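Fold and geometry: a report
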Amino acid sequence: MLAKIVKKWYNFIRNKKRGAYMEKYGEVDSLDFAIYLNKKAKDKGISTNLTKIHKWLYVCYGLYLVINRAQLLNERPQAWQYGPAFPKVHNKQKKNGDSLDRLRMTASEADMKKYDDIIEATLKHFGGWTASELVAWTHELDGAWDRKFNNYQKYKPLEDLDILADFEKFVTIQR
């Protein structure tokens, strides 16, 4: 199911936008992306919380990595107890009552619009999932999180190659 979604969006991006997603390594601020993702979810009537935002960020990160072979965010996800998490985003959410609603992006909304397709694909597939379902999905046996967390490397960044391998299982791209 996810493979069909990503394949559709990959082809749209490549054919219609001519590589508009190609960014420099980790150019997008993780907090800006999270705030924008939160806004897009709320605009669609999808409930958000601390856990869902982190898991959706992880999905966007993984899909972008598969599609572009480049890191989307300026921060890599870390292996936390409940799955991949982004510390900068987590700290701001906690200071704001577990919400991103009142925070402002440093990037303009116009600059962030180029990520609408990958966010749309993520929310279309995972938007209806509960936080618990998302946590279970990221805890896949021998996945990127499992390899890091269960090898006594808690709170360490996940390896992009491990994330890439996880997402390539679900995504088929015709190059």
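Residues numbered from 1 in each chain as written. Predicted model: local features only at pLDDT ≥ 70, side-chain atom pairs only at ≥ 80, totals over all residues. Heavy atoms only, no water.

Some points on the nonpolar core
Put simply, the test is: Take the buried residues of types Ala, Val, Leu, Ile, Met, Phe, Trp, Tyr and Cys, join any two whose side-chain atoms come within 4.5 Å, and each joined set is a nonpolar core. Burial here depends on accessible area, computed with a 1.4 Å probe over protein chains only, as a share of the maximum for the residue type. Under 20% is buried, over 50% is exposed, and the range in between is partly exposed. Numbering of helices and strands starts at the N terminus; helices are DSSP runs of H or I of at least 4 residues and strands are runs of E of at least 2. Should any heavy atoms of two residues lie within 4.5 Å, those residues are counted as being in contact.
Counting residues in each nonpolar core, the largest one holds 44 residues, and the members touching the most others are F33, W56, L57, Y115 and I119. Put simply, the parts of the chain that give this core at least two residues each are α2 (30–43), α3 (50–68), α6 (116–126), α7 (131–138), α8 (144–149) and α9 (160–168). The biggest single contributor to this core is α3, with 12 residues. Not counting residues up to four positions away in its chain, the partners in contact with I119 are F33, Y36, L37, K40 and C60.

Observations regarding the packing of α3 against α9
Cut-off, in case you're wondering: Throughout, an axis means a line fitted to C-alpha atoms (over the contacting stretch in the case of helices), and angles, computed between N-to-C directions, take values from 0 to 180 degrees. When an angle is under 35 degrees it counts as roughly parallel; over 145 it counts as roughly antiparallel; between 65 and 115 it counts as roughly perpendicular; any other value is oblique.
Close contact between α3 and α9 brings their axes to 9 Å; oriented N to C, the two are set at 90 degrees. When the axis of α3 is compared with that of α9, the two are roughly perpendicular. Counted together, Y58, V59, Y61, G62, L63, L65 and V66 of α3 and D160, I163, L164, D166, F167 and E168 of α9 form the full contact between these two elements.

Some points on α7
Which entries qualify depends on this criterion: To obtain the arc, one takes the directions from the helix axis to the C-beta atoms.
For α7, the set of buried residues is A131, L134, V135, W137 and T138. In an axial view of α7, the angular spread of the buried residues amounts to 160 degrees, which keeps them on one side of the axis. Across from the buried face of α7, at angles greater than 90 degrees, the exposed residues are S132 and A136. Structurally, α7 contributes buried residues whose contacts are with α3, β2 (83–85), α6, α8 and α9.

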